[in-house]
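Structure assessment
Here is how the chains run, residue by residue.
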Amino acid sequence: MTIDEIVRLVDGRLQGDGSHEVHDVASLERAGPDDLTFAEGARGLAKAGASRAGCILVPDGVSLPQLTTVAVPRPKLSFIRIADVLRPKPATTPGIHPSTVVDPQANLAEDVCAGPQVVIERGVTVGPGTRLGAGVFLGEGVALGSQCLLYPKVTVYPGARIGNRVVLHAGVVVGSDGFGYVFAEGRQHKFPQLGGVIIEDDVEIGSNSTIDRGSLGTTVIGTGTKIDNLVQVAHNVRIGRHCLIAAQTGISGSVEIGDYVVLGGQVGVADNVRIEDNVTVGAQAGIPSGKALRKGMTYWGTPARPLPEFKKMYAHLSHLPSFVEKIGRLERRLAK
Amino acid sequence: MTIDEIVRLVDGRLQGDGSHEVHDVASLERAGPDDLTFAEGARGLAKAGASRAGCILVPDGVSLPQLTTVAVPRPKLSFIRIADVLRPKPATTPGIHPSTVVDPQANLAEDVCAGPQVVIERGVTVGPGTRLGAGVFLGEGVALGSQCLLYPKVTVYPGARIGNRVVLHAGVVVGSDGFGYVFAEGRQHKFPQLGGVIIEDDVEIGSNSTIDRGSLGTTVIGTGTKIDNLVQVAHNVRIGRHCLIAAQTGISGSVEIGDYVVLGGQVGVADNVRIEDNVTVGAQAGIPSGKALRKGMTYWGTPARPLPEFKKMYAHLSHLPSFVEKIGRLERRLAK
Amino acid sequence: MTIDEIVRLVDGRLQGDGSHEVHDVASLERAGPDDLTFAEGARGLAKAGASRAGCILVPDGVSLPQLTTVAVPRPKLSFIRIADVLRPKPATTPGIHPSTVVDPQANLAEDVCAGPQVVIERGVTVGPGTRLGAGVFLGEGVALGSQCLLYPKVTVYPGARIGNRVVLHAGVVVGSDGFGYVFAEGRQHKFPQLGGVIIEDDVEIGSNSTIDRGSLGTTVIGTGTKIDNLVQVAHNVRIGRHCLIAAQTGISGSVEIGDYVVLGGQVGVADNVRIEDNVTVGAQAGIPSGKALRKGMTYWGTPARPLPEFKKMYAHLSHLPSFVEKIGRLERRLAK
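Let me sum up the structure you'll find in this document. (Residues numbered from 1 in each chain as written. Chains lettered and ligands numbered in written order. Predicted model: local features only at pLDDT ≥ 70, side-chain atom pairs only at ≥ 80, totals over all residues.)

Turning to the nonpolar core, a few remarks are in order. Judged by nonpolar contacts, the single largest core of 207 residues is most densely connected at L138 and V174 of chain A, L138 and V174 of chain B together with L138 and V174 of chain C. When sequence neighbours within four positions are dropped, the list of residues in contact with V174 of chain B reads V156, Y157, A160, V197, I199 and I211 of chain B. If you look at the next biggest cluster of nonpolar residues, it comprises 25 residues, including I56, V72 and F79 of chain A together with F191 of chain C. (Core = buried A, V, L, I, M, F, W, Y, C linked by C-beta atoms within 7 Å. Buried ≥ 20, exposed ≤ 12 C-beta atoms within 10 Å, placed from the backbone. Contact = placed C-beta atoms within 7 Å.)

Here it is as structure tokens:
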């Protein structure tokens, strides 16, 4: 791909030789003369001057002497687009592997690919272009859309509904029973876990994450939401569209999360919390049962507070030793 | 099922038409004229008035005009019992799937069901009525009781002993090596992980949770204890009977937990902690190494404290800004 | 094995009858006349006097009347060595199970063992003596060294490179995509996850842990590092040699960790943190984005601080109620 072609693809402004070709993408540190890379932010641009990259995407208005650059409004975003073109998609073995067990009453589109030892139960439907890795399990009545990619050993419990272009990484479990018990007569009685689970289009879920079905209602993960590894989503949770949920975060039963919400890693959300649109929650924060987090605000800490409040309390905490000294001085002066 | 039959089943007090039939259970919000539901607590009962349910279980002494209700001491508990009757258990394909690999020296009861690609090694015993999902692995010498349900891709390491009516959700690992090393000569030397693991009757363990074997002793999970998803139980841990352990909680080596203990989500219990009967620990709490939590008490925070103490400290924390102001005022007054 | 042989093996000093034989290892509490055990520390040695063990390894200079002891500098370490000899390694079924699917362009050493339903894709290489448990998946081009042990249901994504004597427990995922998105035009755009992952020699990783590949760079886990269950290692993380990382800890993107680092359980390390050699981080600590933890120091708390500082702040916190009282007294005195 010539740099002139790149300029056209991302509608950028060239500095340098547009006829030069790049064949791959790479990081700023590793890129060589055949590679395209990008630089953003003070740190990135400071390092860019020493790069050996064949072409660097830079923010509008930036120039790097002696280097071939293409200026665009958002270099990282343009980099994603070019990488999609330059890097061929990994080839998939077509067809259904002979060791795969497909129920005669399952309904697979013609070009579905299934690796070895996949199990597809009765009443399952799988849309066109969907690929199933080795050992994937689709329980009775699962509906799986088109162009999905399920990595090895994903388990989908019976009845789950999954949209189009959904990516589930290895070991993901969708639709397991929620954790609900009533204590009586000296033991725990299991509350019925009969509800559904819906994963909408363009969702991606990281390795070994677990998504429980609803108890009587439905667990929903909205369009475009991305979930990292080892995340727990409990029964009846409703997550909106285009959210980001980082690794090891846990979301308890009946939580409602709006659109464009960002949860950091290891966040704990207790049951019946409501998180409005565009909220950001910092890593390891804990949100107590029944709380409401307000639209567009950022929260941190356990129990989570709005960021300015958290920062103020935290600053005071850091100054505790000086407060203690001040109290001592006051006491001594009064004693005189 | 007529409502008269329901009244008899749960020994309730009817208001309305006992000859009406219900065919399913549903949540208060979703229940229609053919459904049974329940209402409890101020919030539930407030919503119940607008319900379209064919029958509502309510607490003794409550009446809802114009609606068919059955009054019982504990509506949610009675609901569980009726749901068990109304909802047929999902059918299981009987027998052993031909792709399953069973060692000739394994001992399976006649009516054991095993899905595709199950692996059962030498010396394994499986009791009557137990069902094994696709891809379950039972290592050498595992003893598994009757009426158990193992969902797809459960791994049980060699030698583990599992009781009756145990439910293990997808991806659960039972009996992996504990995490014990001795540092010498510039590297970690692995301590032998030779012990056993015992899961007693009526235990349920959520998706992708991990239970390590003992190092020299035995890891034990007591009768009726319920464990949520992504929970870690380390080597030599002993958990008592009828406990509840919520998602993503981690229990370190050699911890002892009594009966009827409740641990919230994302709790961390360090090694050699002792938790007595009927203790409750709030979500995200951290219990330092070697601590003892006293019978019947509730703990919260990191490091965990008894709830009244935690609340007091937390209240003071919230008032830190006002203390700082007070100190300032005192200083200014003294300066005059 | 006679006790005289043990004395020679660990270069110890015998007290008692060297001709006595022991046949197994056991804990101090459980060891009988045929067992070897060890005792260390005040608590261990206090219990040792009542042991029925056939032989007890004790620290140099310690003697236990009436008992057969072997004194060594580090009893637990010597115990590990003897256990390695006394306990036979579990036998492995040799060869490749007929249900295993091996691509003709994979390259397996002659004595590789593979359990049922293993999948080995094109271009994979596996070194001598390596054993693959049931249902292991090795993606295209994976390089796996010699004498490795992969337990059932491990998933290795294409291209990962794994050294010699590596142990991966059940459900481990190596090489899944990192969690990187750029928000634009109302949705998340996935950043390319094209990098590699290298697991060096003698690494052990616990059940259901997840190790992401690099985005453009490489995720590296250094020689001899041991990782517990349910740990998350994100893209581009570099972990040094001989580290210990306890259960449920999460390490975010581009973190750099030196050698001999110890992270407690449920620690959260935000992105771009740098942890120098020999650092110890206490359980549940949280390390904010971009921080550097200094060589040889111990850190605790969220946000993590050096231990002395943390202890001081924590002590002040505990005394908050008394500070509040003092302020009240000062105010009352001034008011007079």
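Laying chain C over chain B is done by rotating through 120 degrees and shifting 0.0 Å along the axis; what remains is an RMSD of 0.1 Å. Here the symmetry operator amounts to a three-fold rotation axis. Interface residue correspondence from chain C to chain B reaches only 19%, placing this contact among heterologous pairings that use different surfaces. (Least-squares fit on C-alpha atoms with pLDDT ≥ 70 in both.)

Turning to the packing of helix α4 (residues 307-318) of chain B against helix α5 (residues 320-335) of chain C, a few remarks are in order. The N-to-C vectors of α4 of chain B and α5 of chain C enclose an angle of 55 degrees; their axes lie 9 Å apart at closest approach. Taken together, the axes of α4 of chain B and α5 of chain C are oblique relative to one another. Crossing hand, α4 of chain B versus α5 of chain C: left-handed. The residues of α5 of chain C that touch α4 of chain B, namely those facing K312, M313 and H316 of chain B, are L320, P321 and V324 of chain C. Split into classes, the residues belonging to the contact of α4 of chain B with α5 of chain C amount to 4 nonpolar, 1 polar and 1 charged. (Axes fitted to C-alpha atoms, helices over the stretch in contact; angles between N-to-C directions. Helix = DSSP H or I, 4+ residues; strand = E, 2+ residues; numbered from the N terminus. Parallel < 35°, antiparallel > 145°, perpendicular 65-115°, else oblique. Left-handed = near helix turned anticlockwise from the far one by under 90°. Nonpolar A, V, L, I, M, F, W, Y, C, P; charged D, E, K, R; others polar.)

With that out of the way, let us pick up the relation of the copies chain C and chain A. Comparison of the two chain copies shows a relationship of rotation about an axis with a shift along it. Here chain C sits on chain A after a turn of 120 degrees about the axis and a move of 0.1 Å along it, with an RMSD of 0.2 Å. Take the interface residues of chain C: only 20% of them recur as interface residues in chain A, which is what a contact between different surfaces looks like.

Turning our attention to the interface of chain C and chain B. Between chain C and chain B, the contact holds 47 residues from the first and 45 residues from the second. For the side of chain C that touches chain B, the secondary structure elements donating two or more residues are α3 (75-86) and α5 of chain C. The dominant element in the side of chain C that touches chain B, judged by the number of residues it contributes, is α5 of chain C, at 7 residues. A breakdown of the residues in the side of chain C that touches chain B according to their chemical character gives 22 nonpolar, 17 polar and 8 charged.

So, about the sheet that holds strand β17 (residues 167-168) of chain A. Strand pairing in a sheet takes place through backbone hydrogen bonds and is either antiparallel or parallel in direction. Residues and elements named next belong to chain A. Here 11 strands make up an open sheet; going across it, the order is β8-β11-β14-β17-β22-β25-β28-β31-β34-β37-β38 and the pairing mixed. Strand pairing shows two members of the sheet lacking a second neighbour, β8 (113-114) and β38 (305-306), which therefore form its edges. In this structure, strand β14 (residues 149-150) lies alongside β17, joined through 2 bridges in parallel fashion. Among the inter-strand pairings, L149 is bridged to a residue of β17, identified as V167. (Pairing = 2+ DSSP bridges.)

Bringing the sheet that holds strand β30 (residues 256-257) of chain C into the picture now. Residue and element names in this part refer to chain C. Within the open sheet, the 10 strands sit side by side as β7-β10-β13-β16-β21-β24-β27-β30-β33-β36. Their pairing is parallel. Each edge of the open sheet carries a strand with a single partner, namely β7 (107-108) and β36 (292-293). Here strand β33 (residues 274-275) runs beside β36; their pairing, made up of 2 bridges, is parallel. Considered in β36, the bridge of R274 is made with A292.

Facing 45 residues of chain C, the contacting portion of chain A comprises 47 residues. Sorting the residues of the side of chain C that touches chain A by element identifies β18 (173-176), β19 (181-184), β20 (187-190), α4 (307-318) and α5 of chain C as the ones contributing at least two each. Broken down by element, the residue count for the side of chain C that touches chain A peaks at 5 residues, all from α5 of chain C. Of the residues contributing to the side of chain C that touches chain A, the split by class is 20 nonpolar, 19 polar and 6 charged.

This part covers unusual backbone geometry. Residue P303 of chain A follows T302 of chain A across a cis peptide bond; omega there is -10 degrees. Within the fold, P303 of chain A resides in the loop between β37 (298-300) and β38. Even without being a glycine, N278 of chain A presents a positive backbone phi close to 65 degrees. Turning to its location among the elements, N278 of chain A is positioned in the loop between β33 (274-275) and β34 (280-281). Even without being glycine, Y260 of chain C reaches a positive phi, approximately 60 degrees. Within the fold, Y260 of chain C resides in the loop between β30 and β31 (262-263). Look at Y260 of chain C and you get buried, because 21 C-beta atoms sit within 10 Å.

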